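# Structural overview
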Amino acid sequence: MDGTDPLERYAVAADASHEEFLAAAKLYARAVVERHDLSVDVSDLDWEVTTRAKRRAGAVLYRDGEPETVRLTWGQFANEGWRAAAATVRHELVHVHLLAEDGDPSHGSAFRRLADELDTHVRCERFTDPEWWVTCVDCGARLARYRRSKLVEEPGRYECGDCGGSFRVEKAE
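Below is a short write-up of the structure.

Calculation criteria
- Residues numbered from 1 in each chain as written.
- Predicted model: local features only at pLDDT ≥ 70, side-chain atom pairs only at ≥ 80, totals over all residues.
- Heavy atoms only, no water.
- Patch = residues over 30% accessible without salt bridge, like charges linked within 9 Å, V, L, I, M, F, W, Y side chains within 5 Å.
- Areas by Shrake-Rupley, 256 points an atom, 1.4 Å probe, with all protein chains shown as cover.
- Salt bridge = Lys/Arg side-chain N within 4 Å of Asp/Glu carboxyl O.
- Lys, Arg positive; Asp, Glu negative; His and termini not counted.
- Charge placed at Lys NZ, Arg CZ, Asp CG, Glu CD.
- Helix = DSSP H or I, 4+ residues; strand = E, 2+ residues; numbered from the N terminus.
- Buried < 20%, exposed > 50% of the residue type's maximum accessible area, 1.4 Å probe, protein only.
- Axes fitted to C-alpha atoms, helices over the stretch in contact; angles between N-to-C directions.
- Parallel < 35°, antiparallel > 145°, perpendicular 65-115°, else oblique.
- Left-handed = near helix turned anticlockwise from the far one by under 90°.
- Contact = heavy atoms within 4.5 Å.
- Phe/Tyr/Trp six-rings, centres within 6.5 Å; stacked < 30°, edge-to-face > 60°.
- Lys NZ or Arg CZ within 6 Å of the ring centre and 35° of its normal.

### Side note on a positive patch on the surface
The grouping of Arg52, Lys54, Arg55, Arg56 and Arg147 at the surface amounts to a positive patch. Structurally, arginine 55 is set in the loop between strand S1 (46-50) and strand S2 (58-63). Judged by relative accessible area, which is 57%, arginine 55 ranks as exposed.

Here it is as structure tokens:
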């Protein structure tokens with residue numbers, strides 16, 4: 001590989017197709033694996049794009065402790081661009097590596113250490129606006145809700161986990 005930063009080398013524009021985005025993500029993943037000596041074989045994984053996810057930028061699907069699929073969220077790429085999506089690729093590679101090494105899919109201390117080394121997030125920033133905001137009338141805590149849920153439908157049945165207060169629901173603008 002030449003001296004070009006892989007983040008820039010494999011960057012794709014916002015008008016990329018799903019196929020182009022996934023191809024770039026896999027090439028980028030291979031470069032990250034090589035640079036950080038991760039226990040990941042990018043070719044052994046299925047790579048998918050989801051257009052449904054609203055809160056999750058990516059996911060590793062696994063069975064019996066074995067990673068099978070890396071799923072990336074189109075909404076994050078479309079709204080936040082390649083840099084954010086590349087950070088999610090690194091995040092998911094941390095999961096795959098730790099599953100291979102320790103059978104650990106969590107965001108625990110080993111994850112946090114490796115995420116720091118790979119300059120990626122532990123939790124992603126919101127990249128899609130919610131449909132509703134559920135707000136505690138006592139302490140002001142706000143919860144984003146993307147789908148109609150029991151909490152959205154019947155907020156009076158629930159209390160704030162921070163202060164025990166009651167909730168009100170507002171349709172997001």
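### A few points about the packing of helix H2 (residues 18-36) against helix H4 (residues 82-102)
Look at H2 against H4: their axes get within 10 Å of each other, and the N-to-C directions meet at 55°. As summarised for this structure, H2 and H4 are arranged oblique, according to the angle between their axes. Once H2 is placed against H4, the crossing between them reads as right-handed. Mapping the contact onto sequence places Phe21, Ala24, Ala25, Tyr28, Ala29, Val32 and Val33 in H2 and Trp82, Ala85, Ala86, Val89, Arg90 and Leu93 in H4.

### Some details on the packing of aromatic side chains
In this structure the tally under the stated criterion is 5 aromatic pairs. A centroid spacing of 4.5 Å and a plane angle of 20° characterise the contact between phenylalanine 21 and phenylalanine 77, whose relative ring orientation is stacked. One end of the pair, phenylalanine 21, is in helix H2; the other, phenylalanine 77, is in helix H3 (residues 74-80), and 56 residues separate them in sequence. The residues phenylalanine 21 and phenylalanine 77 share a single accessibility class, namely buried. Each ring, one from tyrosine 28 and one from tryptophan 82, has its centre 5.6 Å from the other, and the planes form 75°; the classification is edge-to-face. One end of the pair, tyrosine 28, is in helix H2; the other, tryptophan 82, is in helix H4, and 54 residues separate them in sequence. Just as tyrosine 28 is buried, tryptophan 82 falls in that class too. A network of ring pairs unites the aromatic residues Phe21, Tyr28, Trp74, Phe77 and Trp82 as a single cluster. Here the guanidinium or amino end of arginine 142 rests over the ring plane of tryptophan 133, the centre of that ring lying 3.9 Å away. Here lysine 171 stacks its cationic end above the ring of tryptophan 132, 4.6 Å away from the centre of that ring.

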